[in-house]
Structure formats: C-alpha cells, structure tokens
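As a plain string of letters, each chain reads:
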Amino acid sequence: QFLPYERQLFYKQKQVADALKHIGHVDLPEILPIIGSDNQTEYRNKLEFTFSNKRWLRKEDIPENGDFSSIPMNGLGFHIPKMFDKVLDITHCALQKEPSNKLRLAIRKYALENKLSFFDLRKQEGFLRNLIIRTTEGPQLMVVLVLFYDHPDKIHLLNYISESFPEITSLFYVINGKANDSISDLSPVLFKGDPFITEEMEGLQFRIGPKSFFQTNTRQAHKLYSVARDFAGLTGEETVYDLYTGTGT
C-alpha cells in the first residue's frame, strides 16, 4: 500500500508473469494489463485481526528514557513482516467499511479494561486470539471471535459485542487451542443471529458462513467472473465445472 496503485498493479502483473515463465516454464503470449479495482479503500469484505501481548512498537512509542515498564504491550491488529509473533496495533484500517474499525477498537478497549489476556504466540497462552469481521455490499455483518480456550468471560464479552453493535447479524465464537490460527478444521459456535450472511451477484444469492471462501473484493470478483465468462465464449451447450471457488460464484 505504500506504492501508488498503478505501481502495485505493475508489480503484481510482473510477479504473475515471472512465476509462469520461470517456475511454470510457460511460453507466454502477450499479457493483457490487469484490470484495476475501482475502489482502493473499503473494498475488503473480510479482515482478520490478531490479539497479541507482544505489540510491535513504532519509533514514536519508544520512551526516550528506555523505561518500557509503563508501555502497554497488548495489541490488536496485523502481523508485521518477517516476525511471526509481533503484531502492529491498528488504530484505523482503510481496507474495510465501518463499523469494522469501531468494532475492533471497542473490543480492544473492553479487553484491556477487563484485563482479558491477549495471546502469546511463542508461549501458546492467553485468552483472546483472533477477530474476524465479514461484511457484505448490503447491511449484513458477521463477527467471529476466536479464543484459545473456553472461559466464562467469553459470555460477558460476546454479550458486550452484541449489545454495543446491534447491526451485527451473525455472531460466532471459536475455541482454537491449536498451534496455528486456521479454523478450517474447527466448529464455530453461533452465539446470536443467523448462521450466515448473504451476498448477491447478478441476481444470485450466496450464503457465506464463518469458514466460507469468498473473493475478498466483491466488486472486483464480479469483474473477474465477467471476464472469464467472456473469454470462455459459452453457448449454453457446454457442461461447466465450477472447481475451487469456495461458495461457487
């Protein structure tokens, strides 16, 4: 994101072309330019944040006297590159529409005020692990709270989330006591609301659950499907297999 969008597209295209040529040994024809996204902000329909008791400190966070005892080390945000256990505490993320930021900040504030422990990835301990927020082009909103172990505190926190954000239409929690963050092999528990949110595309409706794969940029996905359909030149007489597309869009 530190690059202008045009340069992002250039290097993304170069990466794909290099992979096909040098790894796949494919003799490529002329490559058509990437079709860019109309929206560079608030386009993602899914974000996953990590709770960590080892917050990455920015230069402005480091005290001049070198005394770190008064510096809060809990954070809720994104992993930083090349350091698997460090998380940058995010105050504002422009990738997803509201109430994504308000939700994350409110949950973080509640956790700190109620002294709920943030996850320690190295020691594999701590209560709060991940927060997943899924939105749609419409008003539907899903929140998935991932915990390292079960504890009565989860009920208080989930009730707080539900009461503070009545716009949530689907609220889940997951107990993940594994060494990795994946919840694909776990069973999310519906705490309140519907078991899925619904996205619409060209009059078709797709149910998205807490573990569903759906392209993270909905509008750009529609462009992708439209191009693929155009390139395929289907007549209506073919049998088409829809493989590896998650919800089947």
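Structure's up top.
Residues numbered from 1 in each chain as written. Predicted model: local features only at pLDDT ≥ 70, side-chain atom pairs only at ≥ 80, totals over all residues. Heavy atoms only, no water.

Engineer: Describe a nonpolar patch on the surface, naming the residues involved and giving the relevant values.
Structural biologist: A grouping of Phe 2, Leu 3, Phe 10 and Tyr 11 is seen on the molecular surface, where their side chains present a nonpolar patch of about 460 Å² in accessible area. Classification of Leu 3 by relative accessible area gives partly exposed; the value is 31%. (Patch = residues over 30% accessible without salt bridge, like charges linked within 9 Å, V, L, I, M, F, W, Y side chains within 5 Å. Areas by Shrake-Rupley, 256 points an atom, 1.4 Å probe, with all protein chains shown as cover. Salt bridge = Lys/Arg side-chain N within 4 Å of Asp/Glu carboxyl O. Buried < 20%, exposed > 50% of the residue type's maximum accessible area, 1.4 Å probe, protein only.)

Engineer: Tell me about the packing of aromatic side chains, and name the residues and values.
Structural biologist: In total, this model carries 8 aromatic pairs according to the counting rule given. The interplanar angle of 70° and the centroid separation of 6.3 Å between the aromatic rings of Phe 148 and Tyr 149 together place this pair among those described as edge-to-face. Each residue in the set Phe 119, Phe 127, Phe 148 and Tyr 149 is aromatic and connected to the rest through ring pairs, giving one cluster. Over the ring of Phe 10 we find Arg 7; its NZ or CZ atom is 4.6 Å from the centre of that ring. (Phe/Tyr/Trp six-rings, centres within 6.5 Å; stacked < 30°, edge-to-face > 60°. Lys NZ or Arg CZ within 6 Å of the ring centre and 35° of its normal.)

Engineer: How would you summarise the environment of Ile 80 if you had to cite specific residues and measurements?
Structural biologist: Position of Ile 80 among the secondary structure elements: in strand E2 (residues 75–80). Among the residues examined, Ile 80 registers a relative accessible area of 15% and is labelled buried. Separated by 98 residues in sequence, Ile 80 and Lys 178 place their C-alpha atoms 21 Å apart. (Helix = DSSP H or I, 4+ residues; strand = E, 2+ residues; numbered from the N terminus.)

Engineer: Account for the pattern of salt bridges, naming residues and giving values.
Structural biologist: Tallied over the full model, the rule gives 14 salt bridges. Here Arg 219 makes a salt bridge to Glu 137, at a shortest N to O gap of 2.7 Å. Placement of the pair is Arg 219 in helix H4 (residues 218–232) and Glu 137 in the loop between strand E4 (128–135) and strand E5 (141–147), with a sequence separation of 82 residues. Members of the salt-bridge network, linked through shared partners, are Arg 55, Arg 58, Glu 60 and Asp 61.

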